[in-house]
Structure formats: structure tokens, C-alpha cells
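Understanding the architecture of this molecule
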Amino acid sequence: MTDQRQAALEYAHKNKDRFLAEFKEILSIPSVSTDPVHADDVRKASEWMAAQLRALGMQKVQIFPTALHPVVYGEKLDVPGAPTLLIYGHYDVQPTDPLDLWTTAPFEPTVRGDDIFARGASDMKGQALVTLKSVEALVKTGGMPVNLKWLFEGEEEVGSPNLPKFIAEHKDLLACDLAVNPDAGILGQELPTITYGLRGLAYFELRVTGPAHDLHSGIFGGVVHNPANVLAELIAGMHDAKGRVTLPGFYDKVRELSKAERDEINRVPIDDGHYLKNTGAPALYGETGYSANERAGARPTLDVNGLLSGFTGQGSKTIIPAWAMAKLSCRLVPDQDPEEVHQQLIKYLETHAPKDVRWELQVHAGGPASISDRNNVGVRAMGAALEAVWGKRPFFRREGGSIPVVADMQQLLGVESVISGFGLPDDNVHAPNEKQHLPTWYRGIDTFIHFFLNLKPA
Ligand code: BES
Ligand code: MN
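Our subject in this report is the structure included herewith. (Residues numbered from 1 in each chain as written. Chains lettered and ligands numbered in written order. Predicted model: local features only at pLDDT ≥ 70, side-chain atom pairs only at ≥ 80, totals over all residues. Heavy atoms only, no water.)

**Topic: the overall build of the chain**
Let me state the cut-off plainly: Put simply, DSSP H or I for four residues or longer makes a helix, DSSP E for two residues or longer makes a strand, and each gets a number counted from the N terminus. Just to be clear, the radius of gyration here is over C-alpha atoms, and the globule rule we use is 2.2 Å times residues to the power 0.38. A 1.4 Å probe rolled over the protein chains alone gives each residue an accessible area, and that area as a share of the maximum for its type sets the label: buried under 20%, exposed over 50%, partly exposed in between. All accessible areas in this document rest on Shrake-Rupley with a 1.4 Å probe, and a residue is counted as covered only by the protein chains that are shown.
When helices and strands are counted, the chain shows 14 helices and 18 strands. Over its C-alpha atoms the chain spans a radius of gyration of 24 Å, differing by no more than 12% from the 23 Å that the globule rule assigns to 458 residues. When each of the 458 residues of the chain is scored for burial, the buried share is 55%. Carbon and sulfur atoms form 52% of the exposed surface of the chain, whose accessible area is close to 19700 Å².

And the structure:
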């Protein structure tokens, strides 16, 4: 091992407790991006990130305001001949509801056993700190082996509405050889993973309205069409008996899996039992003809994310509701286009919605899927880094979640991302009792030390 490799790893191990103390600091800031009440906390989190970059000796550290939450930038470009990496992270988090299901308060980070519990611990303040602390270890033991740029956003959990514009307007500032995106996880404590594909997202809100106001269901039942009944029928028609989505043309552009890719996906040692255990569902469901791993990573879906209509309080109330609403979203795969899926949904509704109700469709933020080259220098450097720490070759996986910035960076900057983070499937991301497994987090810091050094020019 080179001297710096050894020294940086030792530095990281000696500073474990302080790293954890700083992790707790950022986890204590309730930076919930979707909630206007927390706008000031999101700003505080952006300042915390900027302060970290300054402490690392980054230059041009700047907080750029956007129409919603700020972008944080910093750079250190003092290694001639070495590649320039753009490290991405988001410092915002999901809301905490249902709050009563948390064992300890979401913004009072608490270590229990090997885990630290807090909103954002795994998604993704923990992963952002992995990059910051691995860089610290290198800066303090001889300096960075590569050039760095950083881009932290505060809007990822609301679909990054202002990020594409920021990237498009700062192409020169963000120009780089490779992007690094740790906003994803590994498959298990002993299953080092590189994510090479992500699904895209198309998110909608569908509202069906009927009568001008709620009606007595005895006086008017049988006379007007009930919007809740209509919405339920429309949703039920969106899948066929084989679990396939029925929007017209939905599968036209879906890139089919090659035999080689199917083999690779199915080599991942995760089976139906894993999905049963991690979901708690009584049985699995999905498109026939594909394994669960294939369905979760490489096939598109349509799901209801929320439903609201009529009387939902205690007891009973006999009404025909005036309206019904559903939040619907599709996870997309290459080469589906979110706007085309929007048009397909409109066509479906025009064909199937009865004329005795009105409907309205609103679009929320989303983005296309992405797939990256499994053989670029960054992926090879990450593969070797994971192998150095875990002692085994990493698995390659197509992730079912979405990180729209990866496609934005491909399209706007022409750069590939290396996607590797250290969350685990049972981290309860977006759910109560989110956690980060600390031994895996420390291994993540070691991995990134190796990764940066692996990219140092010979
Ligand atoms: N970190 C996740 C994406 C992710 C999820 C990666 C699971 C790996 C495993 C990210 O913060 C996220 O939740 N993204 C949203 C995107 C949406 C708001 C546009 C998602 O996937 O729902
Ligand atoms: Mn995330």
C-alpha cells in the first residue's frame, strides 16, 4: 500500500468519533425540502455544507439561491494532469410523518447498537459525509490526488425542480471528467454494489369531479355518477391480468433486457424471500415473465401513491363525494420519455373516463431513466475500491429508485456518473425510523479514500 493510502485510512480510523459527532450535527437540522415551514432549516443545512467545504480548503465556495432551495458549490483544482470529479449530494430530506411510529425523534440522532437513527441518515446525509470525510482524510495526509468540484442541492426529495436550469446555466463551472453520485445504496452488509442504472419517474395528480358538492347518497344515489367509483374504475383499468400497464403505447419504447444483462441481474444474491422480508407483504406481485430483481430495476411500473375522497373519519356518513383524487406515478426505464407517458395517460383518460364526470391531470416533477457504461475509468476505480475494503468483487445492479440528476448530467454536461453509496435495503428510507448502519458507513469512507487514490494519474 502507498504511504498516503495507509496514512489516510489511519487518519479516518483515528477520527471516527469526531466524524460521527459531525454526522449528528447535520442530522439535527430538519431540512425537509417539501415543507415551507422548514425553508429556513434547509438554508441552515446548505450553510453547514458550505462550511464543511471551506474547512476542507475548497475554493470559490458559494451558496447559489434558486427559486426554491439553494445549491452549494466549491472546488479545488490544483492537481495538474489529474481528472476533475464532480461530487453530487443532496442535503434535504423527506418529511417525517407518521411521526408517532418513530422510536426516537427524527431530528434527534440516536445511536442504538450499530445504527444511527434519524431522518436523512441513509438518504443521504450519511452518504454526503462519506465523500466529505474521505476527502478530509486525503487533504490532511498529503493532499487530494484528483481535482474536485462539489454540487450539493436542497431539492432532490421534491424532484430537483430547479437543478437542470442551474446546471444548464453553469456548464463551465461544472465542467468535469466524471460525476460521483453516492445517493444510492448497497445490497447488503457483505454485498458491495455499484449501481449502473436508475429508473426515471413520471408523477401525476388526477382529480375527478362530479356534483358541485357532497350529496346525500340516499336522495341522489343512483342518479349521478360517483367520482370515487369512477376514479377506482379508472385506476383498476390501468393494469391487465398479467400485471402490465395498459396506458396506450406504454411499452413501445421500453428497452428489452439482453440475455447477458438478465444473467447479471439474476446473479445478484437477492431472492423473493428478501423482498417478502423487506416489504412484509403476504405475497409478491408484478409483471409476469420477469424475476423480482428484474421487475424492481429494469421494468416500468405504475403505482397509486395516494388516494383521497369522501368521508374518511370515524363512524359512517352516507354521501356521494363531490370529488376524488389520486397521486399516481410511473417508474420508467430506458428509453421511455416522461412527457410521452404523460400523453399516454391523457389518451387513456380520454378513452376511458365517462362523460358524466370531469377530470383534471396535473404533472409533478420527474425525469427519465439513466443507464451508464459499466466499464468507464470511474466505475473501474470504484470497483477496485470496493474490492479493497470488502475483499470481494462488487455486484452490478440496476436500481429501481430515481436520481434525475444523473440523466441531467449526461444530457447537459455530457458526463457519466459513478453511483455508489452505503445505505442498506432495510434502512427505512422515506419511512419511520430511518437509519444508517455505522460499520458500513465507516467502510464507505475507506472505500472513497481508495476510490480517489485509484484515480490518481500514474
Ligand atoms: N436516494 C434516493 C434514490 C434511491 C432510492 C437510490 C433507493 C437508491 C435506492 C433519492 O433520494 C430518492 O428518493 N429519489 C426520489 C426521486 C424523486 C423525488 C424525483 C425517488 O426515487 O422517489
Ligand atoms: Mn436521496
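From this point, the discussion proceeds with the structure in view.
**Observations regarding the coordination of the manganese ion (ligand 2)**
What counts, and what does not: Note that water is not among the atoms considered, so a metal site may appear incomplete; the donors listed are N, O and S atoms within 2.8 Å of the metal, with 3.2 Å applied to Na, K and Ca.
Surrounding the manganese ion (ligand 2) are the protein donor atoms H90 (NE2), D123 (OD), D183 (OD) and D183 (OD), at 1.7 to 2.8 Å. In primary-sequence terms, the residues that donate to the manganese ion (ligand 2) follow H-x32-D-x59-D. Here D123 is found in helix α4 (residues 121-139), whereas its partner D183 is found in the loop between β7 (178-181) and β8 (193-198), with 60 residues between them in sequence. Residues D123 and D183 agree in their burial class; the two are buried.

**Examining the site of ligand 1**
Under the convention used in this document: A single heavy atom is enough: if one lies within 4 Å of a molecule or strand, its residue is considered near that molecule or strand. Counting of polar contacts relies on pairs of N or O atoms within 3.5 Å, with two restrictions inside protein: one atom must be capable of donating a hydrogen and the other of accepting it, and residues adjacent in sequence are counted only when both atoms are side-chain atoms. Residues are grouped as follows: nonpolar covers Ala, Val, Leu, Ile, Met, Phe, Trp, Tyr, Cys and Pro; charged covers Asp, Glu, Lys and Arg; every other residue, Gly included, is treated as polar.
Residues in close proximity to ligand 1 total 15 residues, the closest being E156, E157, D183, R331 and H430. Interatomic distance of 3.3 Å between a side-chain N/O atom of H90 and an oxygen atom of ligand 1. Contact with the protein chains covers 84% of the free accessible surface of ligand 1, which is 520 Å². Among the residues forming the shell around ligand 1, the class breakdown is four nonpolar, five polar and six charged.

**What to know about the environment of L77**
Quick note on the threshold: Contacts: residue pairs with any heavy atoms within 4.5 Å of one another.
By the secondary structure assignment, L77 is in the loop between β2 (71-76) and β3 (84-90). For L77 and G218, which are 141 residues apart along the polypeptide, the C-alpha to C-alpha distance reads 73 Å. Leaving out residues up to four positions away in the same chain, L77 has contacts with T84, N147, L148 and K149.

**Regarding the nonpolar core**
As a reminder of what qualifies: As used here, the term nonpolar core means buried Ala, Val, Leu, Ile, Met, Phe, Trp, Tyr and Cys residues forming a set that is joined through side-chain atoms within 4.5 Å.
Core analysis: the largest hydrophobic core is formed by 68 residues, its most contacted members being F23, L148, W150, F451 and F452. Aside from chain neighbours lying at most four places away, what touches L148 is M58, G74, E75, K76, L77, L85, I87, V135 and F452. Among the nonpolar cores identified, the runner-up in size contains 27 residues, and A202, V245, V254 and A324 belong to it.

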